[in-house]
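# Survey of secondary and tertiary structure
Take a look at the letters that make up each chain.
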Amino acid sequence: MRLCWGHILTEYNIRNVDSCFKMLDRMFNNNQNVIEAAKVGRGYDSVLRKIMMAEIMPIVEEFDQTMNNETEYEDRLQAAADKFITIASGLPRGEFPFSL
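Our subject in this report is the structure included herewith. Residue numbering note: each chain is counted from 1, following its sequence as written. Whole-chain, interface and lining totals are the exception, using all residues; otherwise, since this is a predicted model, local features are given only for residues with pLDDT of at least 70 and side-chain atom pairs are given and counted only at 80 or more. The side-chain figures draw on all heavy atoms in the structure; neither hydrogens nor water molecules are used.

Cysteine sulfur atoms are paired as a disulfide whenever they come within 2.5 Å of each other. Per the counting criterion, the structure on display carries one disulfide. Each sulfur of the disulfide joining C4 and C20 lies 2.0 Å from the other. Taking the torsion about the sulfur-sulfur bond, which here is approximately -65°, the covalent link between C4 and C20 counts as left-handed. Here the residue C4 occupies a position in the segment before β1 (7-9), and C20 occupies one in helix α1 (residues 17-29), the gap between them amounting to 16 residues. Helix and strand labels come from DSSP, where a helix needs a run of H or I of at least four residues and a strand needs a run of E of at least two; each type is numbered from the N terminus.

Put into C-alpha cells, the structure is as follows:
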C-alpha cells in the first residue's frame, strides 16, 4: 500500500491506488519474462526475494506519502522489473548442488 498511496492518473489528476496495483500485476505477476527469470533451482527462492526487495524497496521509500504521476510509476517499476529479470536470469536453474 505504501508504494501505491500517491499514484496519480495524469489524465484525470486523481489518486488511484487500484490502477497502481493493476500496473504492478502487469509488470511483475503477469509478466512472462519475470516468471521465467524466477524459475530458479531449489534453494534460490530466498535469493529471488532479496533481489526483488532490493529493486522495489527504494521505490517504496521514495514514493511513500508522495504524489507521483502514473508515468513516473511506470518508468520506475519497469526499470525494476527489467533489472530483476537480468539478475534473476543469472541464477542457477535446476537442483541446488548438494555434495554427498
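Now for the environment of K39. Structurally, the position occupied by K39 is in the loop between α2 (32-37) and α3 (45-63). A relative accessible area of 47% places K39 in the partly exposed class. In sequence terms K39 and A88 are 49 residues apart; their C-alpha atoms lie 8.6 Å from each other. Here's how the labels work: a residue is buried when its accessible area is under 20% of the maximum for its type, exposed when over 50%, partly exposed in between, all with a 1.4 Å probe on protein chains only.

This paragraph deals with the side chain of E55. Inspection of the secondary structure assignment puts E55 in helix α3. The buried category is assigned to E55, whose relative accessible area is 13%. Other than its neighbours up to four places away in sequence, E55 contacts A80, K83, F84 and I87. We call two residues in contact whenever any of their non-hydrogen atoms come within 4.5 Å of each other.

This part takes up α3. If you check α3, its first and last C-alpha atoms are 27 Å apart, about what 19 residues at 1.5 Å a residue would give, namely 27 Å. At I56, α3 shows its largest bend, some 30°, and a proline, P58, comes one to four positions later. By the burial criterion, the buried members of α3 are L48, I51, E55, I56, I59, V60 and F63. If you follow the buried residues of α3, they end up packed against α1, α2, β3 (68-69) and α4 (70-89). The first or second residue beyond α3 is Q65, which carries a positive phi of 60°. Helix span, expected: 1.5 Å multiplied by one less than the number of residues in the helix. Axes are fitted to the seven residues ending at a residue and to the seven starting at it; the angle between these axes is taken as the bend at that residue.

With that out of the way, let us pick up α1. The end-to-end C-alpha distance of α1 is 17 Å, a good match for the 18 Å that 13 residues give at a rise of 1.5 Å each. Here α1 has its buried residues at V17, C20, M23, L24, M27 and F28. The buried residues of α1 occupy one face: seen down the axis, they fall within an arc of 115°. Of the residues in α1, the exposed ones pointing more than 90 degrees away from the buried face are K22 and N29. The arc in question is traced by the directions running from the helix axis to the C-beta atoms.

Note that all results are geometric; they support no functional claim without further evidence.
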